[in-house]
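# Coordinate inspection notes
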Amino acid sequence: MRTSSDQLLVPSLVPPSFFDGDTVALARALIGATLIVRGVGGLVVETEAYRHDDAASHSFNGETVRNRAMFGPPGHAYVYRSYGIHWCLNVVCARGQAVLFRAIEPGLGVDAMRVRRGRDKLEDLCAGPGRLGQALGIDRADDGQPFDGCDLQIHVPSMMSQPILVGPRIGITKNADLPWRFGLSGSPHLSRRFA
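A few points on the structure. (Residues numbered from 1 in each chain as written. Predicted model: local features only at pLDDT ≥ 70, side-chain atom pairs only at ≥ 80, totals over all residues. Heavy atoms only, no water.)

Looking only at helices and strands, one finds three helices and 10 strands in the protein chain. Helices and strands appear in the protein chain in the N-to-C order β-β-α-β-β-β-β-β-α-α-β-β-β. Residues counted as buried form 50% of the 195 residues belonging to the protein chain. The contacts in the protein chain between residues at least 6 apart in sequence include a share of 61% that link residues at least 24 apart. In the form shown here, the protein chain has an accessible surface area of approximately 9,000 Å², with 51% of it arising from carbon and sulfur atoms. (Helix = DSSP H or I, 4+ residues; strand = E, 2+ residues; numbered from the N terminus. Buried < 20%, exposed > 50% of the residue type's maximum accessible area, 1.4 Å probe, protein only. Contact = heavy atoms within 4.5 Å. Areas by Shrake-Rupley, 256 points an atom, 1.4 Å probe, with all protein chains shown as cover.)

As structure tokens, this is what we get:
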């Protein structure tokens, strides 16, 4: 829910038990949620699901130092570096499962996002997981941190009024046809259009 470009009406924080379930269902449920990182954030408009039995998932070959957070408690962050450049933010669900935040509609701390991204246009700030990570100031120190209302927060509305789009995930070669990408219909902040 928006009241202006730099203010959101934020529903209550969700408990960790909310995340302890199937990642595909959670990826869909997080569309329309509010994601906040140290006071900067916005409306979640695009997500992707990754499961432990999914060859495209970082957890597919088991636990490593890099993906350890994916095997930790639900409701914690899994942060990884994409192409050696961009920090990407996920929320851990059941063991070995996570939801990647692909895009948000900026709503809180927009000026800070503009400085971090070096861009003014709202649609260029958080459309894509790398851009989102940069705009929110995500880094390796966030890996494994809880979405408990301190630095990281997720607030889920009681209901979504807009339709949710469903399609294949982006930028992967394995299991690329699975319809595990979700987006908010009509949003100009998606990383890429749905077919």
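A word on the packing of aromatic side chains. The full count for this structure, using the stated rule, is three aromatic pairs. Ring centres of F18 and F19 lie 5.2 Å apart, and the angle between their planes is 90°; this geometry places the pair in the edge-to-face category. The interplanar angle of 55° and the centroid separation of 6.4 Å between the aromatic rings of F101 and F147 together place this pair among those described as tilted. Taken as a pair, F101 in strand β7 (residues 98-108) and F147 in the loop between α3 (129-136) and β8 (152-155) lie far apart in primary sequence, 46 residues in all. Across this residue pair, the class does not change: F101 and F147 are buried. The positively charged end of R181 is found above the aromatic ring belonging to F194, 3.7 Å away from the centroid. (Phe/Tyr/Trp six-rings, centres within 6.5 Å; stacked < 30°, edge-to-face > 60°. Lys NZ or Arg CZ within 6 Å of the ring centre and 35° of its normal.)

Moving on, we get to the nonpolar core. Counting residues in hydrophobic clusters, the biggest one holds 42 residues, and the most contacted among them are L30, L35, F101 and I154. Looking at which element gives the most residues to this core, the answer is strand β4 (residues 40-50), with five residues. Excluding anything up to four places from it in sequence, I154 contacts L13, V14, F19, L30, A33, T34, L35, V91, F101 and F147. Counting residues in each nonpolar core, the second largest holds 10 residues, with A69, M70, Y78 and V92 among its members. (Core = buried A, V, L, I, M, F, W, Y, C linked by side-chain atoms within 4.5 Å.)

Taken as a whole and assessed by the stated rule, the structure comprises eight salt bridges. The partner of E46 in a salt bridge is R102, and the shortest N-O contact between them spans 3.0 Å. Separated by 56 residues along the polypeptide, E46 in strand β4 and R102 in strand β7 bring together distant segments of the chain. Ionic pairing is found between D111 and R114, a salt bridge with its closest N-O pair at 4.0 Å. (Salt bridge = Lys/Arg side-chain N within 4 Å of Asp/Glu carboxyl O.)

Before going further, it helps to examine the side chain of R117. In this fold, R117 is placed in helix α2 (residues 110-117). Comment: no salt bridge for buried R117; closest opposite-charge side chain is D124, at 6.3 Å. Apart from the residues within four sequence positions on either side, R117 is in contact with D124, L125, R131, Q134 and A135. (Lys, Arg positive; Asp, Glu negative; His and termini not counted.)

A packed helix pair is summarised by two numbers, namely the angle formed by the two axes and the spacing between the axes. Remark: α2 packs on α3, axes separated minimally by 7 Å, with the N-to-C direction vectors making an angle of 115°. At the point where α2 passes α3, the crossing takes the right-handed sense. Listed contacts from α3 to M113, R116 and R117 of α2 are R131, Q134, A135 and L136. In terms of residue class, the contact of α2 with α3 is made up of three nonpolar, one polar and three charged. (Axes fitted to C-alpha atoms, helices over the stretch in contact; angles between N-to-C directions. Left-handed = near helix turned anticlockwise from the far one by under 90°. Nonpolar A, V, L, I, M, F, W, Y, C, P; charged D, E, K, R; others polar.)

Now for the pairing of strand β6 (residues 86-92). For β6, a buried count of six out of seven residues is recorded, marking the element as mostly surrounded by other parts of the structure. As judged from the six bridges shared by strand β5 (residues 77-82) and β6, these two strands associate in the antiparallel manner. Across the sheet, Y78 pairs through a bridge with N90, a residue of β6. The hairpin formed by β5 and β6 contains three residues between the paired strands, and Y83 there has a positive phi angle of roughly 55°. Two elements, β6 and β7, share three bridges in a ladder whose sense is antiparallel. Directly across from N90, in β7, lies its bridge partner L100. Connecting β6 to the next strand, β7, in antiparallel fashion are five residues, including G96 with a positive phi near 80°. (Pairing = 2+ DSSP bridges.)

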